[in-house]
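# Architecture and fold: a report
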Amino acid sequence: MTGRRNWIGAAFLAMASLGLASEAQASGTTDLAHLHAGEPSRMPIGWAQFCADNPGDCRISRSPASVARLDDRSWSELLAVNLRYNKTIEPITDQDQFGVIENWGYATSGKGDCEDYVLEKRRELIRLSWPMSALLITVVIDKEGGGHAVLTVVTDRGEFILDNQTDKVLPWSKSGLTFIRRQSPENQNVWLDLGRFLGRPDVVTAAIAGSR
C-alpha cells in the first residue's frame, strides 16, 4: 500500500526468498509457509496440569477450526502482543519460582518461563478475537539445543512464531527452531507430532543464542 510499511508483504517475501526446495519440502509433509502435523503425540504434562488449574481455558471450541486473516491491523497486533509480554514478564525458571521442574500457568507474579509467556500471549490474542484454533502452543528445541515452547499463529499468509527469546515475529521457516509437537487446531487438548522439522531448512548453522 502506498505510503505504508507493508510488514505482511515483507514477511511473505522472506518465506519465498528461501529459494530452492528444502529437505522439508522434499518430504512432502510440510512447506515453507505451513507446517503439517502428523500422528497424535504425547500431551505435555504441563498442559494437563494447566487445564486442571484452568478448565475454562482448555474448552474444546464448537466452531470449525479456522486460520487467522492477516492484514495490517492483525499484523500490528501480533507485533504488539509479542513485544508487550516479552518486555513485561521477568524470566525465571519454574524450579526457582515454584520449586518444581514444570509448572504451566499465567504469569500472575510478573515472572515466568517460556510456557507462561506463551499462555499470556495466547490469552491476550483470544481476547482480541483471534480464533483459538489459530493459536497453537508448540514444543520446540531452541537454537541452543534446549527444550522450549512458543506460540505458533496460523494465518492465511503462513505460520508465524511468537517467542520470548526474540521480539521479532518470524515465519516458522526462518525461526531457527526445531519443531517437535503442537496442539491440534480442531482440539487443543490433542497434541500432534511435527517430525522434528528445522525452522531454517535451507541453512545449517551452529547453535547460537537467541538475540533481540
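Thresholds, definitions, all that
- Residues numbered from 1 in each chain as written.
- Predicted model: local features only at pLDDT ≥ 70, side-chain atom pairs only at ≥ 80, totals over all residues.
- Heavy atoms only, no water.
- Helix = DSSP H or I, 4+ residues; strand = E, 2+ residues; numbered from the N terminus.
- Contact = heavy atoms within 4.5 Å.
- Core = buried A, V, L, I, M, F, W, Y, C linked by side-chain atoms within 4.5 Å.
- Buried < 20%, exposed > 50% of the residue type's maximum accessible area, 1.4 Å probe, protein only.
- Salt bridge = Lys/Arg side-chain N within 4 Å of Asp/Glu carboxyl O.
- Expected span 1.5 Å × (residues − 1).
- Arc of directions from axis to C-beta.
- Polar contact = N/O pair within 3.5 Å; in protein donor to acceptor, adjacent residues only side chain to side chain.
- Lys, Arg positive; Asp, Glu negative; His and termini not counted.
- Phe/Tyr/Trp six-rings, centres within 6.5 Å; stacked < 30°, edge-to-face > 60°.
- Lys NZ or Arg CZ within 6 Å of the ring centre and 35° of its normal.
- Pairing = 2+ DSSP bridges.
- Axes fitted to C-alpha atoms, helices over the stretch in contact; angles between N-to-C directions.

## Considering the overall build of the protein
Secondary structure summary: the protein contains six helices and nine strands in total. In the protein, once contacts between residues fewer than 6 apart in sequence are set aside, the share between residues at least 24 apart is 61%.

## Some details on the nonpolar core
Side chains of nonpolar character tend, in soluble globular proteins, to be buried together. In this structure, W47, F50, L78, L125, W130, I137 and L151 are the most contacted members of the largest nonpolar core, which totals 34 residues. Elements supplying a minimum of two residues to this core: helix 3 (45-53), helix 4 (72-88), helix 6 (114-127), strand 4 (135-141), strand 5 (147-155) and strand 6 (158-163). Here this core gets five residues from one element, more than from any other, and that element is helix 6. Once residues within four sequence positions are removed from consideration, W47 is found in contact with D57, C58, W104, L119, R122, I137, Q183, Q188, N189 and W191. In terms of nonpolar packing, the next biggest core, distinct from the first, is built from nine residues, I161, L177, F179 and F197 among them.

## Quick word on unusual backbone geometry
Notably, S129 is not glycine yet its phi reads approximately 80°, a positive angle. Within the chain, R196 stands out as a residue other than glycine whose phi angle is a positive 60°. Structurally, the position occupied by R196 is in strand 9 (residues 191-198).

## What to know about the pattern of salt bridges
As enumerated under the stated definition, the model contains seven salt bridges in all. Measuring nitrogen to oxygen at the nearest pair gives 3.4 Å for the salt bridge that ties K87 to D167. Here K87, found in helix 4, pairs with D167, found in strand 7 (residues 166-171); they are 80 residues apart in sequence, far enough to count as distant. Under the relative-accessibility criterion, K87 is labelled exposed at 55%. One network of salt bridges, with partners in common, ties together R84, E124 and R127.

## Structural notes on helix 4
Between the first and last C-alpha of helix 4 there are 24 Å, a value that for 17 residues agrees with the 24 Å anticipated at 1.5 Å per step. For helix 4, the full list of buried residues reads S74, W75, E77, L78, V81, N82, Y85 and N86. Buried residues of helix 4, viewed axially, fall in a sector of 160°; they line one side. Helix 4 presents R73, K87 and T88 as exposed residues on the side facing more than 90 degrees away from its buried surface. The N-cap residue of helix 4 is D71: its side-chain oxygen and the backbone nitrogen of R73 are 3.2 Å apart.

## Overview of the side chain of D116
Locating D116 in the fold gives a position in helix 6. Of the side chains with opposite charge, R123 comes closest to the buried, unpaired D116, at an N-O distance of 10 Å. Once residues lying within four places of it in the same chain are set aside, the contact partners of D116 are I89, D94, N103, W104, G105, A107 and K111.

## Quick word on the packing of aromatic side chains
Applying the stated criterion across every chain, the model contains six aromatic pairs. Geometrically, the ring pair formed by W75 and F160 is edge-to-face, given 5.2 Å between the ring centres and 70° between the ring planes. Taken as a pair, W75 in helix 4 and F160 in strand 6 lie far apart in primary sequence, 85 residues in all. Cluster of aromatic residues (ring-pair linked, three or more members): W47, F50, W104, Y106 and W191. Note that R123 overlies the ring of Y106, its terminal NZ or CZ placed 3.7 Å from the centroid.

## Re the sheet that holds strand 4
Within a sheet, adjacent strands bond to each other through the backbone by hydrogen bonds, running parallel or antiparallel. One open sheet holds the seven strands; their spatial order is 1-9-8-4-5-6-7, and the pairing between them is antiparallel. Of all strands in the sheet, those bounded by a partner on one side alone are strand 1 (40-41) and strand 7. Note: strand 4 against strand 8 (residues 178-183), four bridges, orientation antiparallel. Note that in strand 8 the partner of I141 across the bridge is T178. The sheet strands contacting helix 6 are strand 4, strand 5 and strand 6, and the helix crosses strand 5 at an angle near 20°.

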